[in-house]
Amino acid sequence: MNGKILGNRYEILEQLGGGGMALVWKGKDTFLNRLVTVKVLRPEYASDEDFVRRFRREAQAIASLSHPNIVSIYDVGQENDSYYLVMEYVEGENLKDLIRREAPLEPARAIQIGRQIADALEHAHENNIIHRDVKPHNILITRSGRAKLTDFGIARPVLPPSLIQIQLWGRYITFPRNRPGENRLAQNPTSILWRLSCTRC
Ligand SMILES: Nc1ncnc2c1ncn2[C@@H]1O[C@H](COP(=O)(O)OP(=O)(O)O)[C@@H](O)[C@H]1O
Ligand SMILES: [Mg+2]
C-alpha cells in the first residue's frame, strides 16, 4: 500500500496498526496538504456485504459525533476493492503502548485520561451511540496529553429500555424485553461506563 494514492487525493505513507477487519495507515491529504489517518477495510472483506455494512456504520457513527476527545472523520471512499475512512491524524500513541512503557501511571494522569474518555462516552451516549469496545488500544494520547477515543467499528445505536439485542451468527437481532432481570446481554450506557472503569491505567 505504501505510496498508493486513494481517491486521487490520499497518499498512503506508513502503517499505524490494524486488526481483524481493517488496516490503519498514516496518510497525506495531498489536496489540503495535511496528515490524515486512512483506515482501509481488508480487501478479503470487500465483497462481504456484512463487513462493508459494518465499515459504513463505523463511518456514520463517528460522523454523527463532534467532540475534542473523539477522533474526527473527514471523508469516506471506495476505490476498486478498497473501502476507506479518512480521519484526523493523532500524533502520539495509543494508551496500550503508553501503559506498557510507563505503568503504573501517576494517579492524576490516569484520572485525567479517564475523565476525558468519560466525557467522550457521555457525548456518544447523548447522540445514541454505544461504543462497545473501550480499551487502551482504542484510546489515543496526543503529544500534549489529550485522550481521544477511536475505533467505532462495533458501535451500535442505544436501544430503548423496552428492547434487547443479541448477536446470533454474526447478525444482531432485536427482541422486546420481557421480564425485569433479562438485561444481562444488553449494551447500554451504564455497561459501557462500567467497562471504562475496568480499563486499567
Ligand atoms: N486517528 C488515528 N491517528 C493515529 N493513530 C491511529 C488513529 N486511529 C488508529 N490509530 C492507530 O491504529 C491502531 C488501530 O486502529 P483501530 O481504529 O483501533 O483499528 P482496529 O479496528 O484494527 O482495531 C490504534 O491502536 C492506533 O495505534
Ligand atoms: Mg481497535
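Going by the structure above, here's the rest.
J.: How would you summarise the sheet that holds strand S6 (residues 82-88) if you had to cite specific residues and measurements?
T.: If you walk across this open sheet you meet the six strands as S1-S2-S3-S4-S6-S5, and the pairing is antiparallel. Looking at the sheet topology across the chains shown, the edges are occupied by strand S1 (5-6) and strand S5 (73-79). Bridge analysis of strand S2 (residues 10-18) against strand S3 (residues 22-29) gives seven bridges, and the strand direction is antiparallel. In the strand pairing of S3, Gly17 is matched with Val24.

J.: Please give an account of the pairing of S2 that cites residues and values.
T.: Taken together, the two bridges between S1 and S2 define a ladder with antiparallel strand orientation. When the sheet's bridge partners are listed, Leu6 is paired in S2 with Tyr10. The antiparallel pairing of S1 with S2 creates a hairpin that spans three residues between the two strands, and Gly7 there sits at a positive phi of about 60°. Counted between consecutive antiparallel strands, the loop separating S2 from S3 contains three residues.

J.: Could you give me a rundown of the site of ligand 1, with the residues and numbers involved?
T.: In the neighbourhood of ligand 1, 21 residues make up the surrounding shell, with Gly17, Gly19, Thr37, Val90 and Asp151 lying closest. Counting only elements with at least two residues in the shell around ligand 1, the list comes to S2, S3, strand S4 (34-41) and S6. Of all the elements, S2 adds the most residues to the shell around ligand 1, at three residues. When we break the shell around ligand 1 down by domain, the ones giving at least three residues each are domain 1 (5-88) and domain 2 (92-199).

J.: Talk me through helix H3 (residues 107-126); I want residue IDs and the actual numbers.
T.: Along its 20 residues, H3 runs 28 Å from first to last C-alpha, staying within 8% of the 28 Å computed at 1.5 Å per residue. Residues Ile113, Gln116, Ile117, Ala120, Leu121 and Ala124 constitute the buried set of H3. Within H3, the buried residues cover an arc of 135° as seen down the axis, which keeps them to one side. Opposite the packed face of H3, turned more than 90 degrees from it, sit the exposed residues Pro107, Ala108, Ile111, Arg115 and Glu126.

J.: Break down the sheet that holds strand S9 (residues 139-142) for me, with residues and values.
T.: Across a sheet, paired strands are connected by hydrogen bonds in the backbone, their directions being either parallel or antiparallel. Judged by pairing direction, the sheet is antiparallel, and its three strands sit side by side in the order S7-S9-S10 without closing on themselves. Edge positions in the sheet fall to strand S7 (92-94) and strand S10 (147-149), since each of these pairs with one other strand and no more. Sheet twist, expressed as the mean angle between neighbouring strand axes with direction ignored, is 25°. Pairing geometry for S9 and S10, over three bridges, is antiparallel. From the neighbouring strand, Leu140 faces S10, where its bridge partner is Lys148. In the packing of helix H2 (residues 95-102) onto the sheet, the strands contacted are S7 and S9, and the crossing angle to S7 comes to about 90°.

Analysis parameters
- Here the residue numbering is sequential within each chain, running from 1 through the sequence in written order.
- Each chain gets a letter, beginning with A, and each ligand a number, beginning with 1, in the order they are written.
- Local features in this predicted model are restricted to residues whose pLDDT is 70 or higher, and side-chain atom pairs enter the listing and the counts only when it is 80 or higher, whereas totals over whole chains, interfaces and linings include all residues.
- Strand pairing requires that DSSP identify at least two bridges connecting the strands.
- In this description a helix means any DSSP run of H or I spanning at least four residues, a strand means any run of E spanning at least two, and both kinds are numbered starting from the N terminus.
- Defining nearness, a residue is near a molecule or strand when the C-beta atom obtained from its backbone falls within 6 Å of it.
- Throughout the structure description, domain borders are defined by an automatic or database domain assignment.
- One less than the residue count of a helix, multiplied by 1.5 Å, gives the span that helix is expected to have.
- Whether a residue is buried, exposed or partly exposed follows from its count of other C-beta atoms within 10 Å of its own C-beta, namely 20 or more, 12 or fewer, or something in between, respectively; the C-beta atoms are built from the backbone.
- The arc refers to the directions leading from the helix axis to the C-beta atoms.
- Interaxial angles span 0 to 180 degrees and are taken between N-to-C directions of axes, which are lines fitted to C-alpha atoms, for helices over the stretch in contact.
- Contact between two residues is assigned when their C-beta atoms, built from the backbone, lie within 7 Å.

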